[in-house]
Amino acid sequence: MSEPYRYFLIFLGAMVVYNIVLIRFIALCPFFGVSNQVETSIGMAMSVLFVMTMATTVCWLAWNYILEPLHVGEFLYIPVFILIIATLVQFLEMVLKKVSPPLYRAMGIFLPLITTNCAVLAVATEAVKPGFLKLNVAYHFSLPEALIYTIGVAIGFGVIIVVFACIRERLETSPVPHMFRGAPIAFMTAALLSLAFMGFANLLDL
């Protein structure tokens, strides 16, 4: 298998076939909490892309050049990875507060909650230790492969949350029965999106 084709399979699998939200059901809290408005969803998508990419890079380097050589990776990687992610989120929060106060206020509590967003930790761990998410990965990721995988996951998350926000905004002006307005119709919409993405199952074999 050629290297570009392998990169393409990793990206496609991370983004569509094993979509972190609709197939793995990870990061549902920001998915439902921040998808009320398209603008806020785009901000969250970009924030998660930045944090995921940086977290995977730093975690991969920490695993391969610090934790593994010292033989402490198996029992220290989770607290180390969480510390790395929390540091990156704190940095992102300071930047957004300075550069875009309206977006910072719109994202509210969900911005610092990226620290506890299980998707960020799960993706960083999967990039370092393939098999963590039970994907059919037969080889360990190099740093470029880890970054391609992470970017695929983050873009998949971003596309889904923005599409979901567009649908929710449209539903606000649609004749939805009163009893289904709000959370009920949002959950039903998410379920239908998930069913649609299940059609991509077994599309490729990583």
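Residues numbered from 1 in each chain as written. Predicted model: local features only at pLDDT ≥ 70, side-chain atom pairs only at ≥ 80, totals over all residues. Heavy atoms only, no water.

This brings us to the packing of aromatic side chains. Considering all chains together, one arrives at nine aromatic pairs under this definition. Seen in terms of ring centroids, Phe-31 and Phe-32 are 5.1 Å apart; in terms of plane orientation they differ by 75°. Their pairing is edge-to-face. When sorted by exposure, Phe-31 lands in the same class as Phe-32, which is buried. These aromatic residues form a ring-pair network of at least three members: Phe-31, Phe-32, Phe-164 and Phe-187. (Phe/Tyr/Trp six-rings, centres within 6.5 Å; stacked < 30°, edge-to-face > 60°. Buried < 20%, exposed > 50% of the residue type's maximum accessible area, 1.4 Å probe, protein only.)

Moving on, we get to the packing of helix α1 (residues 3-17) against helix α7 (residues 143-172). Across the interface, α1 lies against α7 with an axial gap of 7 Å and an inter-helix angle of 35°. Remark: the crossing between α1 and α7 carries right-handed chirality. Of α7, the residues touching α1 (which contributes Arg-6, Tyr-7, Ile-10, Phe-11, Ala-14 and Met-15) are Pro-144, Glu-145, Ile-148, Tyr-149, Ile-151, Gly-152, Val-153, Ile-155, Gly-156 and Val-159. When grouped by side-chain class, the residues that make up the contact of α1 with α7 number 12 nonpolar, two polar and two charged. (Axes fitted to C-alpha atoms, helices over the stretch in contact; angles between N-to-C directions. Helix = DSSP H or I, 4+ residues; strand = E, 2+ residues; numbered from the N terminus. Left-handed = near helix turned anticlockwise from the far one by under 90°. Contact = heavy atoms within 4.5 Å. Nonpolar A, V, L, I, M, F, W, Y, C, P; charged D, E, K, R; others polar.)

Tracing the backbone through its elements, the reader meets Ser-35 in the loop between α2 (28-33) and α3 (38-67). Residue classification places Ser-35 among the buried residues on the basis of a relative accessible area of 0%. Within polar-contact distance, the side chain of Ser-35 engages the backbone oxygen of Phe-31 at 2.7 Å. Within the local environment of Ser-35, its side chain forms a polar contact with the side chain of Arg-168, the two groups lying 2.8 Å apart. With near-sequence residues (within four places) excluded, Ser-35 lies in contact with Pro-30, Ser-41, Ile-161, Phe-164, Ala-165 and Arg-168. (Polar contact = N/O pair within 3.5 Å; in protein donor to acceptor, adjacent residues only side chain to side chain.)

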